[in-house]
Amino acid sequence: MQLALAPLQTYTDYHFRNAHIAIFKGVDKFYAPYLKLNNDGTIKNAPKIDILPENNPRINIIPQLMACSEQEFFTMSDYIEDLGYSEVNWNMGCPYPMVTNRNLGAGILNKPSDLFKLFDTIFPKLKIGLGVKMRMGLESTAEILEILPRLNDYPLTEIIIHARYAKQLYNGGCDHERFMECISLTNHSLTYNGDITTNEEFDFLRTKFSTVQSWMIGRGAMVNPGLFEEIKFGTIDSGDVYRNKLMLLSEHLTNSLLNCNPDRGYALSKMKSYWEYLSESLSDGNQLYRKVKKAKDITELTDHLQYFLLD
Ligand SMILES: Cc1cc2nc3c(=O)[nH]c(=O)nc-3n(C[C@H](O)[C@H](O)[C@H](O)COP(=O)(O)O)c2cc1C
């Protein structure tokens, strides 16, 4: 069984990935949030820095890109290849209209002929492995039924499916029955993604999709970063041990953020956003998050964490 941490833009950056691997176990693969181009055709700086090997010293990461033309694709995949990576993931899942209206992210899923034309030009020139992470469609999960069998013609490394259609955004449930249909339609290595938040939910899905060997978890791991160990090793930390680990995670995050950008306001706002998720796993998380949200400085935020997590 392989477990992956999903890419979550602004959350699962190298600060979080490095802090996570220092404190928690169980993640086999980390996916970096997507690279994207500026209007002038250069690659945006933050995701570019995020995947630098020196920022990811102990980690097996797969960089991701979002493109809608051959030129865009190779601008980013050449950069990724030059950094020494052997695989890249193509984001065909981003659901937001600003993105999909430009045929980016999930915007290509209801235009299969455009998608396969792009693949036909890209694959013969491709020097690194290519996997895709996709929704089941733009407007309906039925769209994947046309795409998936045709993807068997291309040497993809893997297909990761977030079992929703894009226009759902994150609303409603995942379409498990459609995912079941997908299993028999692909010859590629298939990863399930969507709403795995507890060990019980994972067991339900593993029993339902008994041939699936690979799983990706996003928001569930931002709320409970110990979820991978729980699933993989059955380790359930006592409250005190878990709180201690959250404190250590926060210290790693804070140090890494301050190292990267001495502006204490940057560290403060990033820590507030991590804790919006992390607080959800604690019985007194609402009280803690209220304090964290009001903190005026990173030292004050750390004091609140120490009070709630260690006292
Ligand atoms: C804040 C946020 C940022 C995300 N950024 C990315 C991204 O950069 N690339 C990507 O493929 N998916 C991105 N996603 C989607 C997740 O990777 C994942 O597919 C989705 O959250 C469903 O999995 P989950 O229910 O385990 O969170 C993002 C999701 C959220 C909530």
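Thresholds, definitions, all that
- Residues numbered from 1 in each chain as written.
- Predicted model: local features only at pLDDT ≥ 70, side-chain atom pairs only at ≥ 80, totals over all residues.
- Domains from an automatic or database assignment.
- Contact = placed C-beta atoms within 7 Å.
- Helix = DSSP H or I, 4+ residues; strand = E, 2+ residues; numbered from the N terminus.
- Buried ≥ 20, exposed ≤ 12 C-beta atoms within 10 Å, placed from the backbone.
- Right-handed = clockwise from strand over helix to strand, strands pointing away.
- Pairing = 2+ DSSP bridges.
- Near = placed C-beta within 6 Å.
- Nonpolar A, V, L, I, M, F, W, Y, C, P; charged D, E, K, R; others polar.
- Axes fitted to C-alpha atoms, helices over the stretch in contact; angles between N-to-C directions.
- Parallel < 35°, antiparallel > 145°, perpendicular 65-115°, else oblique.
- Left-handed = near helix turned anticlockwise from the far one by under 90°.
- Core = buried A, V, L, I, M, F, W, Y, C linked by C-beta atoms within 7 Å.
- Expected span 1.5 Å × (residues − 1).
- Arc of directions from axis to C-beta.

Further remarks concern the domain arrangement of the chain. Reports of interface size often rely on the accessible area that becomes lost once the parts have come together. Partitioning the chain into domains gives domain 1 (2–233) and domain 2 (239–310). Taken together, the contact between domain 1 and domain 2 spans 15 residues of the former and 14 residues of the latter. Mapped onto the side of domain 1 that touches domain 2, the elements with two or more residues apiece are helix 1 (14–23) and helix 9 (219–223). The leading source of residues in the side of domain 1 that touches domain 2 is helix 1, at 6 residues.

Most of strand 2 (residues 29–35) is tucked away, with 6 of its 7 residues classed as buried. For the handedness criterion, the β-α-β arrangement of strand 1 (residues 2–5), helix 1 and strand 2 is classed as right-handed. By the bridge criterion, 4 bridges tie strand 2 to strand 3 (residues 61–65) in an arrangement that is parallel. Each bridged residue has a counterpart across the sheet, and for Tyr 31 the counterpart in strand 3 is Ile 62.

Turning our attention to the site of the ligand. Residues in close proximity to the ligand total 20 residues, the closest being Ala 6, Gln 9, Pro 33, Gly 218 and Arg 219. Listing elements by their share of the shell around the ligand, those giving two or more residues are strand 2 and helix 9. Grouping the constituent residues of the shell around the ligand by class yields 8 nonpolar, 9 polar and 3 charged.

Once that is clear, we can look at the packing of helix 13 (residues 285–294) against helix 14 (residues 298–310). At a minimum axis distance of 9 Å, the contact between helix 13 and helix 14 shows a crossing angle of 165°. When the axis of helix 13 is compared with that of helix 14, the two are roughly antiparallel. Considering only the axes of helix 13 and helix 14, their crossing is right-handed. For the pair helix 13 and helix 14, the contacting residues are Leu 288, Lys 291 and Val 292 in the first and Leu 301, His 304 and Phe 308 in the second. Across the contact of helix 13 with helix 14, the residue classes break down as 4 nonpolar, 1 polar and 1 charged.

The next thing to look at is the sheet that holds strand 5 (residues 129–134). Within a beta sheet, neighbouring strands are joined by backbone hydrogen bonds and run either parallel or antiparallel to one another. An order of 1-2-3-4-5-6-7-8 is seen for the 8 strands of this closed barrel, with the pairing classed as parallel. Between one strand axis and the next, the sheet turns by 25° as a mean value, whatever way the strands run.

Leu 5, Leu 65, Ile 161, Ile 217 and Met 271 are the most contacted members of the largest nonpolar core, which has 81 residues in total. Two domains each put at least three residues into this core: domain 1 (2–233) and domain 2 (239–310). With residues near it in sequence (within four places) discarded, Leu 5 still touches Thr 12, Val 27, Phe 30, Tyr 31, Ile 217 and Ala 221.

For helix 11 (residues 239–260), spanning 22 residues, the distance from its first C-alpha to its last is 32 Å, which sits close to the expected 32 Å at 1.5 Å a residue. Of all the positions in helix 11, only Leu 246, Leu 249, Ser 250, Leu 253, Thr 254, Ser 256 and Leu 257 are classed as buried. Buried residues along helix 11 cover an arc of 170° about the axis, so they all sit on one side. Across from the buried face of helix 11, at angles greater than 90 degrees, the exposed residues are Asp 240, Val 241 and Asn 259. The elements touched by buried residues of helix 11 are helix 1, helix 12 (264–278) and helix 14.

Moving on, we get to the environment of Asn 244. Relative to the helices and strands, Asn 244 resides in helix 11. Overall, Asn 244 belongs to the partly exposed group, with 15 C-beta atoms counted inside 10 Å. In this structure the C-alpha to C-alpha distance between Asn 244 and Asn 56, which are 188 residues apart in sequence, comes to 24 Å.

In the Ramachandran plot, Thr 10 falls in the positive-phi region, its phi being about 70° despite a non-glycine side chain. Exposure remark for Thr 10: the 11 C-beta atoms within 10 Å place this residue in the exposed category. In this model, Leu 169 sits at a positive phi of 50°, which is unusual for a non-glycine residue. Summarising the element assignment, Leu 169 is placed in the loop between strand 6 (159–162) and helix 7 (176–185).

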